[in-house]
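Understanding the architecture of this molecule
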Amino acid sequence: MSGELASGFTIVAGSQISLALAISALLFVIGLVGFLCRRNMIIMFLCTELMFQGAALAMIAFARMRMDVSGQVFVIFILTVAAAEAALALGLVVLLYRRRETLSSDAWSELGES
Amino acid sequence: MVPTLFYAACAIAAMGLALILMPTGHKVRLGATVLGLAGVAWILVLVIGAIPTGMSEVGPLGLMVLCALVSVASAVRVITHHRPVFSAMYFVLVVISGAAIYVLLSAEFVAFSLVIVYAGAILITYLFVLMLAQQSPTDIGSADAVDYDRIAREPASAVIAGFVLIAVLGGSIFSVQDSATTARFDQERSVRNGWRDLASMPKLLLQQAQRTDPTVARVVPRADGRMIDVRSDSTAIISVERATQTAPMDMILSPSMLPDNTSRVGMALVTKFPVSLELAGVILLMAMLGAVVLARKQTDLADDERRTLAGLGTLADDPSVRSSR
Amino acid sequence: MTAAGSIPQAVIAPELAWVGLAILLPLLSAILCALCAALRVKSKLPALITTVALAGSCFVIVKAYFAYSGPVEVPIFQWITFEWGDGKFQSFTADCALYIDSLTLYWMLFVTGLGTLITIYASEYMEEDCGKGYSRFFFGMSIFLFSMGALVMGDNLVMLYLGWEGVGLASYLLVGYYYERPSAVEAAKKAFIMNRIGDLGLALGIFMLWCNYGTLQYGELFAAMKDGGQTSVDWDLSVIPFLLMIGAFGKSAQIPLFTWLPDAMEGPTPVSALIHAATMVTAGVFLIARMYPFFELHPQALATVAWVGGSTALVAATIGMAQYDFKRVFAYSTISQLGYMFLGLGVGTTFGACYHTLTHAFFKALLFLTAGAIMHGFAGQLDLRKLSGLRQMPGWRIVSWTMLVGCLWLSAFPYTAAFFSKDAILFKALTSERGDFRFLGWVGLATAGLTAYYTFRVWFRICAGPVHYEAGPESHDQSHDQSHDQSHDKGKPDPTPEGESHGAFHPHAPRWAINGVLVILAIGAVVVGFPAYGHVFAHKENWVQAMMASSSAYQGACLESDHGTGAAVHTQTVLGLDPHTGLTIVGSTASIGGILIAWYFHLYSRKSADQLRAALLRRWWIRWVPICMENRWYVDEIYLACFRLPMWIGAQILNFGDRHFLDGVLVDGLAKFPIAVGKVFRPLYSGALQSYAITMTGGVALVLAWVTWIWLRGFN
């Protein structure tokens, strides 16, 4: 019977879904750790993209699990937002770089008390 | 049940990642890499082992494990590599292996748009910016990279915080007794979702009906008002009118007539999320405008110049300003 | 005691409201003086205002005396009225009203009269302070006279208490008049605080009286007393006299509470004369005389008064013998004479006590004013060893001779007024049925001898002998020199002989105001003897006795001390003689003997006084006597050790606890806790965005871990 099914309706093992979820969790956390640890502002933004990747993968996995395409639609929205964010944030980073001639996030600590 | 083994695996992976991030010697980095990979592998094994898997699925599962290892390893390289350009290139690898997993999870359209948008557009932007803003290493006097790229900030606490998140969230999977049953893939429901999506696409439905029987002229609603009646063996029944006859007749559609992923995504975009789609368009437009504004040459104007541009006289001529001083 | 009748029932007489002017005029004067101070008046206007007001007050009292026919209550206005029921003990009334009986008039006569005279004196005495403190001084005097009037004339104990506190306030203000001097401030504080102790007793006594009789109006109180008291509570009535007594002891400087009076001499001398010799300190005598019937609530109450009075008289006299500061000598003599008055009250002769009050008021005011004149003229010189022969210096004759009058009266020289008043007291004591009263009478006689000695020690030292003087501590004062120049401008001859000029210092003699007042007071001191002379020589009724007999103090105003008439009733004898004759002889002997001893040691052979002192100090068994006397029996030191030291230690402990526990641990500790917490978390607030992100992530992780833990626990 599986042969008659169109693509996307073949049986998938539950373990595949949980594996995808585990990967998404790892990607998210690695992105998070990178965001917290790296000092280069561009790399920090790259790490947010990594976290986006993790979230998108989780969406895809759940969409597959429920056989509902809404998850995939949301991934498309995530792509949209990521693109917009990349355009704007990188423009801002370039501006910041012009101000201080460095990409280090330590150069920007106006939130501190001194 | 407390998933002690999972926590241990998380701890090992965390230790590996933390050691890689810390400024250590070459040999330690190697050992840490091995340790981290072992931890990640253990996590994956535990996750896979939590749900019983038949022999027929070993193939796609193995493929996915391969993709998983590539993806995680290159993600770690993204955050550990000292040269930002290499990080960006490793991110491309993450995106590609992620796309492969998407394909394995039957999300072909998203997989390809991911590769196109991320690897093709966003990452290129990143590379441009990196090349625009990157200080050349020779300015700093270092052979390899600038300081802020080499030395991580508080790696230990960041890694601990992150992996506590993983341990807590992932551990809850193992804590549930009947995780296996709930996680089981419900094929019947997915087929029913597929047929329901087809019912909302009349043109495709007519095409599929005509592919089954070319004489079909129209697909009409059934007696209960619905277009498609799903049967338990994954087939579906529709009512069709042929040119030769007046009364509608039942017709069985085989599961191969189910709509493909791309058409379902497109349909969902325009039928279920039209407002979100419009908003996404607005966001992109605004991002474009913002990028244009940010990219313009920034010039500082003196007070008088600004007032002149605003159509006011110079400060010295304004009596109200002078009196207030 | 033979009852000279009971207290006459007071009649309500609203038409006599003009007597209230006697209180109102000083109050008005106080207000005007305050206005003068506010307007920075530089002239002698405040003195004029006060003198006129007090003279008016005196006039009102004299007029009231001649209009007097029996005790009256004069309502002026309703002051305090509370009612919380209809019963006897369910209302509280204290009207602003006057209770005028013969005791009131007697007291007010000499209070206002002396007040007027001393104000005139002060107008010259205080002239160096013209403008700066003049208004303040006369404001204090006016307030004092107003309070004294309220104390004496008030219709109820609440008004008495008002006046009681008012005179205390005036005393505080005037003792601390030279507030730049630390010693004056200390003395003012001491006087005020020691009076507080007495006032507490008085206030408690007043509370007890209300609790027991349900009223504080004199008329109702005496009527209720006659009925034997109707207590609302089950308290012992007999504690009332002892509480009132404490108040009287405090105000009149008796033994436990007497140390403030000598220190109060830090004030200007007119203040010492008026407040701390003549009037305010007799308020205690007045209180006991006014509340005399209540002192029989306990059999030992009057005996206590007698013992305290007698011992105060002796102790103060011994201290007075050994002081070199003549103003202090007079201060101790005041305490000693007040002791006599209390002795008289205690042994049961309000006549003697009140008569002695009157005579004492005149001669002691006179003595203080002469002392003030000397002090004024010699730039604050108070050491009797550094002044001599004033009698022979031009311009000082009136001072010397009026001082001699005061000294004779103080030493109860035979047939002076004070001789009779003191005699009345000692006679009553010596003829008492009680042995201890007779003993106190002999103590009083011995004290009379000591009094005569130390009084004439002062006079012989200062006024007699060769001319010699040294300037006092204020001789370099700029203001003094100015006033001295003023006296030159007015054409006064320089009183100092050329040969005895001591550098730049020239004593300046008193002018008409001081001299006139001294003469008037000397005459007054003679005049107050007339009631006794009339009684003794003309067998008329003693005026003072008559005044006492028709007042609340009637029980002590008995006629037993008649010289020459009532001798037969006495069972006691004095030295085997008839008490009258015997007392006259013994009293005269003590007085004249004291004067002769003083003459020998302080005029005839001045060196022998020092030799005697040295001789006493050389003998170990007697050396404590002069040492103790010179050091005032160490009473101040004992009080400091017994009361101030424990309080000081307690205060240090509380201060330590407050600083280190309340402040240090509780208050500062509470503040330090968040600071410490902040120090722990401050590194997180580095300003670097990623630090905040790490903190946020850690927080999320912790919360999730906690939730998961709860969730897992729910499963297991």
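Sequence order as written defines the numbering, with residues in each chain counted from 1. Numbering of ligands from 1 and lettering of chains from A proceed in the order in which they are written. The predicted origin of the model limits local features to residues at a pLDDT of at least 70 and limits the giving and counting of side-chain atom pairs to 80 or more, whereas totals for whole chains, interfaces and linings rest on all residues.

Labels follow the DSSP assignment, with helices taken as runs of H or I lasting at least four residues and strands as runs of E lasting at least two, numbered in each case from the N terminus. Within chain A one finds three helices and zero strands. A residue is called partly exposed when the number of other C-beta atoms within 10 Å of its own lies between 12 and 20, exposed at 12 or fewer, and buried at 20 or more, with C-beta atoms placed from the backbone. Expressed as a percentage of the 114 residues in chain A, the buried residues total 61%.

This part is about the overall build of chain B. Helices and strands together make up the secondary structure of chain B, namely 15 helices and four strands. The proportion of buried residues among the 325 residues of chain B is 33%. A pair of residues counts as a contact when their C-beta atoms, built from backbone coordinates, are within 7 Å of each other. If you take every contact in chain B between residues at least 6 apart in sequence, the share linking residues at least 24 apart comes to 55%.

It is worth spelling out the interface of chain A and chain B at this point. The partner chain B presents 93 residues to the 73 residues of chain A that form the contact. By residue number, the principal contributor to the side of chain A that touches chain B is helix H3 (residues 70-100) of chain A, which donates 22 residues. For this classification, Asp, Glu, Lys and Arg are treated as charged, while Ala, Val, Leu, Ile, Met, Phe, Trp, Tyr, Cys and Pro are nonpolar and the rest, including Gly, are polar. By residue class, the composition of the side of chain A that touches chain B is 52 nonpolar, 14 polar and seven charged.

What follows covers unusual backbone geometry. Residues and elements named next belong to chain C. One non-glycine residue, Ala-253, lies in positive phi territory at about 55°. In this fold, Ala-253 is placed in the loop between helix H8 (239-251) and helix H9 (260-263). A positive phi angle is found at Arg-632, which is not glycine, with a value near 55°. Looking at the element boundaries, Arg-632 is found in the loop between helix H24 (624-630) and helix H25 (635-681).

Now for the nonpolar core. One broad rule of soluble globular proteins: the nonpolar side chains tend to lie buried together. Ranked by internal contacts, the top residues of the largest apolar core, which has 219 residues, are Ala365(C) and Leu366(C). Of all the elements, helix H14 (residues 350-377) of chain C adds the most residues to this core, at 17 residues. Formed by 115 residues, the second largest nonpolar core is a distinct cluster that contains Ala22(A), Ala25(A), Leu26(A) and Ala88(B). By convention the nonpolar core is taken to be a set of buried residues drawn from Ala, Val, Leu, Ile, Met, Phe, Trp, Tyr and Cys and joined through C-beta atoms within 7 Å.

On to the packing of helix H4 (residues 134-153) of chain C against helix H5 (residues 157-175) of chain C. Residues and elements named next belong to chain C. Only the stretch in contact is used when fitting a helix axis, every axis being a line fitted to C-alpha atoms; angles between N-to-C directions are given from 0 to 180 degrees. The geometry of H4 relative to H5 is characterised by a closest axis approach of 7 Å and an angle of 160° between their N-to-C directions. The angle between H4 and H5 falls in the class roughly antiparallel. For the pair H4 and H5, the sense of crossing is left-handed. On H5, the residues that touch Gly-140, Ile-143, Phe-144, Phe-146, Ser-147, Met-148, Ala-150 and Leu-151 of H4 are Met-159, Leu-160, Leu-162, Gly-163, Trp-164, Gly-166, Val-167, Ala-170, Leu-173 and Leu-174. Roughly parallel means an angle under 35 degrees; roughly antiparallel, over 145; roughly perpendicular, 65 to 115; everything else is oblique. In this scheme, a crossing is called left-handed if the near helix is turned counterclockwise away from the far one by less than a right angle; it is called right-handed if the turn is clockwise.

Let us now look at the interface of chain C and chain B. Reports often express the size of an interface as the amount of accessible area lost when the parts come together. Counting residues at the interface gives ten residues for chain C and 14 residues for chain B. Of the residues contributing to the side of chain C that touches chain B, the split by class is six nonpolar, four polar and no charged.

Residue count minus one, scaled by 1.5 Å, sets the expected span of a helix. Along its 24 residues, helix H3 (residues 102-125) of chain C runs 34 Å from first to last C-alpha, staying within 8% of the 34 Å computed at 1.5 Å per residue. Across the 24 residues of H3(C), 23 count as buried, placing the element largely inside the fold.

Turning next to H5(C). When the terminal C-alpha atoms of H5(C) are compared, their 26 Å separation across 19 residues agrees well with the 27 Å that a helix rising 1.5 Å per residue should span. Counting buried residues along H5(C), 15 of its 19 residues qualify, which places the element largely inside the surrounding structure.

Turning next to the sheet that holds strand S1 (residues 11-12) of chain C. Residue and element names in this part refer to chain C. Read across the sheet, three strands follow the order S1-S2-S3 without closing on themselves; strand pairing throughout is mixed. Among the strands making up the open sheet, the edge pair consists of S1 and strand S3 (91-100). By definition, two strands form a pair when at least two bridges between them are found by DSSP. Inspection of the sheet shows S1 paired to strand S2 (residues 72-83) by two bridges, in the parallel sense. Paired with Val-11 across the bridge in S2 is Val-72.

Residues and elements named next belong to chain C. It is at 7 Å that the axes of helix H16 (residues 417-430) and helix H17 (residues 435-462) come closest, and there the two elements cross at 150°. Contact residues: H16 offers Lys-422, Ile-425, Leu-426, Ala-429 and Leu-430, while H17 offers Phe-437, Arg-438, Leu-440, Gly-441, Gly-444, Leu-445 and Ala-448. For the contact of H16 with H17, a count of residues per class yields eight nonpolar, two polar and two charged.

With that settled, the discussion passes to the confidence of the model for chain A. The predictor attaches a confidence to each residue, called pLDDT, with possible values from 0 through 100. A residue-level look at chain A finds 86% of positions with pLDDT of 70 or above and a mean pLDDT of 83. At the level of individual helices and strands, chain A shows its lowest average pLDDT in H3(A), which scores 88, and its highest in helix H2 (residues 41-66) of chain A, which scores 90.

Moving on to the environment of Leu88(A). Here Leu88(A) shows up in helix H3. Ignoring sequence-local partners within four residues, the contact set of Leu88(A) consists of Ala287(B), Gly290(B) and Ala291(B).

All names here are of chain C. Summarising the element assignment, Phe-137 is placed in helix H4. Measuring from C-alpha to C-alpha, the distance between Phe-137 and Met-126 comes to 8.4 Å, with eleven residues separating the pair along the chain. If near-sequence neighbours (up to four positions away) are discounted, Phe-137 is found in contact with Ala-122, Met-126, Asp-129, Tyr-177 and Pro-268.

A few words now on the environment of Pro507(C). Residue and element names in this part refer to chain C. Structurally, Pro-507 can be placed in the loop between helix H18 (478-489) and helix H19 (512-527). Taking the number of C-beta atoms within 10 Å as the measure of exposure, Pro-507 has 24 and is therefore buried. Taking C-alpha positions, Pro-507 is 8.9 Å from Ile-374, a pair spaced 133 residues apart along the chain.

Residue and element names in this part refer to chain B. Looking at chain B as a whole, the pLDDT averages 81, with 86% of positions reaching at least 70. Between residues 179-184, whose pLDDT stays under 50, and residues either more than four places distant or in other chains, the model counts nine contacts. If you check the scores for this complex, the pTM reads 0.62 and the ipTM reads 0.90.

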